[in-house]
Amino acid sequence: MAADALTPTIDAADRFAARGAIDNLPSGKPQSLRRSWVFQSPADETVTAASGGADAVFLTAFIGSEPELDRGNAADGSDRAGHGIISPGGTDACADDGTEASFIRRCGAEDNPGKMFHALFDAQASYDPDQRAPQVPASEVWAFDQQHVIEQVKSSHPPLANDYFNAFWFWWPNKSARRSNLDMASTGYIYVPPSCRTVSSACRVHIALHGCKQDAQQFAQLAGYNEWAERYRTIVVYPAIAPSEAVPGAVCRMPAVDGVADAAWIEPNPNGCWDWWGYLDTSSNKGRYLTKQAPQIRALEGIIAEVMAPGPN
């Protein structure tokens, strides 16, 4: 995809920045985002090659430098892995055969998290797969309460819009408990590598968001980030979306139905996706999901703030 085809998208980012809806963009570029990494399996029928290519083109124009683009390789089959994350600890078959249980795939030695961390934090050195630690026990992945952060978002300023579907009958339920909780689960997960468990430690924080249809706890235990956390002195946080009744097939989302999107009998997010298309937005705040006022983004910011808060003296 040509860069000029993405001009409206880049222009939208500039407009958001100008009015403070996203962070300031000095000289049109983000201050902190300098490097990026994109994996795109050519056999992925959910996130198509054109979509992955558009991501790479946008990041090049937005950041000012090309992302490291990984399309897998034929030697281990990762070029035909289909949809999902690839990790040596994966449970699903390498090729997309329609029987996915976790969307965490094992394709030889291909390691998405390892290559991502390398591209983001150590791109000047050679990638060494042997630096991957042994499988981290499930008991080392801790649960944390994210409900109190969700409650803070719901009660904070600016308040969340309350213009969801108004039924004609006062007794009709117009918002499910899941939707009222921003579609988020009450529990998230975190892995703190040993070198980051002391009060004086200085470590990075990385947010790993599970995908549609993925079990958040299973993702936190098996996706492969934890095995690189010690190498890069990085705390890995796994926030969670509440599960629902997934739609069969490869589809990731169900389009919202205008006017009744928040009704308890219609959930436009059955596959437990993060809000990357605006299912929490309503008619009066379209596009909020792209900004700092997106409810789930505000919850993620609250979680990050708590993880980074100084410990007791």
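Here is what the cut-offs are and how they apply
Residues numbered from 1 in each chain as written. Predicted model: local features only at pLDDT ≥ 70, side-chain atom pairs only at ≥ 80, totals over all residues. Heavy atoms only, no water. pLDDT = per-residue confidence, 0-100. Contact = heavy atoms within 4.5 Å. Axes fitted to C-alpha atoms, helices over the stretch in contact; angles between N-to-C directions. Helix = DSSP H or I, 4+ residues; strand = E, 2+ residues; numbered from the N terminus. Parallel < 35°, antiparallel > 145°, perpendicular 65-115°, else oblique. Left-handed = near helix turned anticlockwise from the far one by under 90°. Disulfide = S-S within 2.5 Å. Buried < 20%, exposed > 50% of the residue type's maximum accessible area, 1.4 Å probe, protein only.

**Q** Is there a simple way to think about the confidence of the model for the protein in this case?
**A** It should be kept in mind that the predicted coordinates are not to be read in detail where pLDDT is low. Averaged over the protein, the pLDDT score is 86; the fraction of residues at 70 or greater is 86%. Every residue in residues 161-172 scores below 50 in pLDDT, and together they form 17 contacts with partners more than four places removed in sequence or on other chains. Below pLDDT 50 for its whole length, residues 255-265 participates in 25 contacts with residues either more than four positions away or in separate chains.

**Q** In this structure, what is going on with the packing of helix H4 (residues 147-155) against helix H8 (residues 295-308)? I would like to understand it.
**A** Pairs of packed helices are described in terms of their axes, by the angle between the two and the distance that separates them. Here H4 crosses H8 at 125 degrees, and the two axes come no closer than 9 Å. As judged from the angle between their axes, H4 and H8 are oblique. Crossing of H4 against H8: the hand is right-handed. Contact with H4, carried on its side by His148, Val149, Gln152 and Val153, involves Pro295, Arg298, Ala299, Gly302, Ile303 and Glu306 of H8 and no other residues of that element.

**Q** I tried to follow the state of the cysteines on my own but got confused; where do I start?
**A** In protein structure, a disulfide is the covalent linkage between the sulfur atoms of two cysteines. Per the stated rule, a full pass over the model turns up three disulfides. One disulfide bridge connects Cys212 with Cys273, the sulfur atoms lying 2.1 Å from each other. On the sign convention where negative means left-handed, the S-S torsion of about 125 degrees between Cys212 and Cys273 marks this disulfide as right-handed. A residue pair is termed long-range when its members are at least 10 positions apart, and Cys212 in the loop between strand E7 (204-207) and helix H6 (216-222) and Cys273 in the loop between strand E8 (234-238) and H8 qualify at 61 residues. Neither residue differs from the other here; Cys212 and Cys273 are each classed as buried. Sequence-ordered numbering of the bonded cysteines in the protein gives a pairing of 1-2, 3-4, 5-6.

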